[in-house]
Amino acid sequence: MKTAKKHGNHLLHLVNELLDFKNLEFQQIKLKVTVDNWVSFCEEIYLSFTEIALKKDIDLSFETTTSNIEVWFDKNQMEKVLYNLFTNALKFTDKGGFVKVEISQTGETTQLQIADSGIGIPKKQLTKIFNRFYQSSNSRLIEESGFGLGLSISEEIMHLHHGEINVQSESG
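Below: a short report on this structure. All of these numbers come straight from a predicted model, not from anything done at the bench.

1. Focus: the overall build of the chain
- For the chain, the count of helices and strands is 5 helices and 5 strands.
- Put simply, the chain runs from its N terminus to its C terminus through helices and strands in the order α-β-α-α-β-β-α-β-β-α.
- When contacts within the chain are restricted to residue pairs at least 6 apart in sequence, long-range pairs at least 24 apart make up 72% of them.
- About 11000 Å² of surface is accessible on the chain, with carbon and sulfur atoms providing 52% of the total.

Shown next as structure tokens:
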């Protein structure tokens, strides 16, 4: 029963990714921004991943330079971005590894950084990971994969928010 539920949830996530892809492709997503505490928002989503990290024996940590950073954002759309980033970090990190989430603010710039001890991405592939349907060759090393849309969707949502998303990685 657990396996069926897991596969059902995975299938639902893939269908939702395809719908997001279609909506972004036809510019049908209109942001519904409100001002909210970015730190609390991120921490709430982070906390929803603690059980997965515990099951995989991954040290999951959350650090911030301040407890309150007021930011204008669309909660529904940014939840998709954070869900994708946290999921990828945990998916590609082996048992006994770590995933560290850090939030900081310098002047008008707010930064969310996710560092992990995962398998990394080969240098030649770094410029491609935000392309639609692209999957790193390292993604074949894990059991659960997607369509290669998550980072593309995340990048488009970040651009709608006048933000940016980037990656630094070393393979191995």
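2. Focus on the packing of aromatic side chains
- As enumerated under the stated definition, the model contains 6 aromatic pairs in all.
- Ring geometry for W38 versus F73: centroids 5.1 Å apart, planes at 85°, classification edge-to-face. In this pair, W38 is assigned in helix 2 (residues 38–47) and F73 in strand 3 (residues 70–73), connecting sequence segments 35 residues apart.
- Take W38: its relative accessible area is 7%, and that puts it in the buried class.

3. Structural notes on the pattern of salt bridges
- Under the criterion given, the structure shown has 4 salt bridges.
- A salt bridge links K55 to E51; the nearest nitrogen and oxygen atoms lie 3.5 Å apart. Here E51 and K55 lie together in helix 3 (residues 50–55), a separation of 4 residues that amounts to about one turn. The same class applies to K55 and to E51, which are both exposed.
- A salt bridge links E102 to K100; its shortest N-O distance comes to 3.9 Å.
- It is possible to trace a salt-bridge network through shared partners that takes in E63, K100 and E102.

4. Here's the deal with the nonpolar core
- In terms of nonpolar packing, the biggest core is built from 33 residues, with W38, F41, F62, M78, L82, F86 and I103 touching the most fellow members.
- When residues of this core are traced back to their parent elements, those giving at least two are helix 2, strand 2 (59–64), strand 3, helix 4 (75–91), strand 4 (98–106) and helix 5 (150–160).
- Residues within four places of L82 in sequence aside, it is in contact with W38, F41, C42, I45 and L112.

5. Re the side chain of Q77
- Its location among the elements puts Q77 in helix 4.
- If sequence neighbours within four positions are ignored, Q77 has contacts with I29, L31, I157 and H161.

6. So, the pairing of strand 5 (residues 109–116)
- Sheet topology note: the strand 4/strand 5 ladder contains 8 bridges and is antiparallel. Opposite K100, over in strand 5, you have A115 as the bridge partner.
- Linking two consecutive strands that pair antiparallel, namely strand 4 and strand 5, is a turn of 2 residues; a positive phi of about 60° is found at G107 within it.

7. Some words on a nonpolar patch on the surface
- Among the surface-exposed residues, V33, V35 and W72 lie close enough to one another that they form a single nonpolar patch of about 310 Å² accessible area.
- On the secondary structure map, V35 appears in strand 1 (residues 34–37).
- When its relative accessible area of 42% is taken as the criterion, V35 is described as partly exposed.

8. Considerations on the pairing of strand 3
- Of the two faces of strand 3, only one is covered, namely that formed by V71 and F73; the face formed by E70 and W72 stays uncovered.
- Strand direction decides the pairing type here: strand 1 and strand 3, joined by 4 bridges, are antiparallel. The partner of T34 across the bridge, within strand 3, is F73.

Rules used throughout
Residues numbered from 1 in each chain as written. Predicted model: local features only at pLDDT ≥ 70, side-chain atom pairs only at ≥ 80, totals over all residues. Heavy atoms only, no water. Helix = DSSP H or I, 4+ residues; strand = E, 2+ residues; numbered from the N terminus. Contact = heavy atoms within 4.5 Å. Areas by Shrake-Rupley, 256 points an atom, 1.4 Å probe, with all protein chains shown as cover. Phe/Tyr/Trp six-rings, centres within 6.5 Å; stacked < 30°, edge-to-face > 60°. Buried < 20%, exposed > 50% of the residue type's maximum accessible area, 1.4 Å probe, protein only. Salt bridge = Lys/Arg side-chain N within 4 Å of Asp/Glu carboxyl O. Core = buried A, V, L, I, M, F, W, Y, C linked by side-chain atoms within 4.5 Å. Pairing = 2+ DSSP bridges. Patch = residues over 30% accessible without salt bridge, like charges linked within 9 Å, V, L, I, M, F, W, Y side chains within 5 Å.

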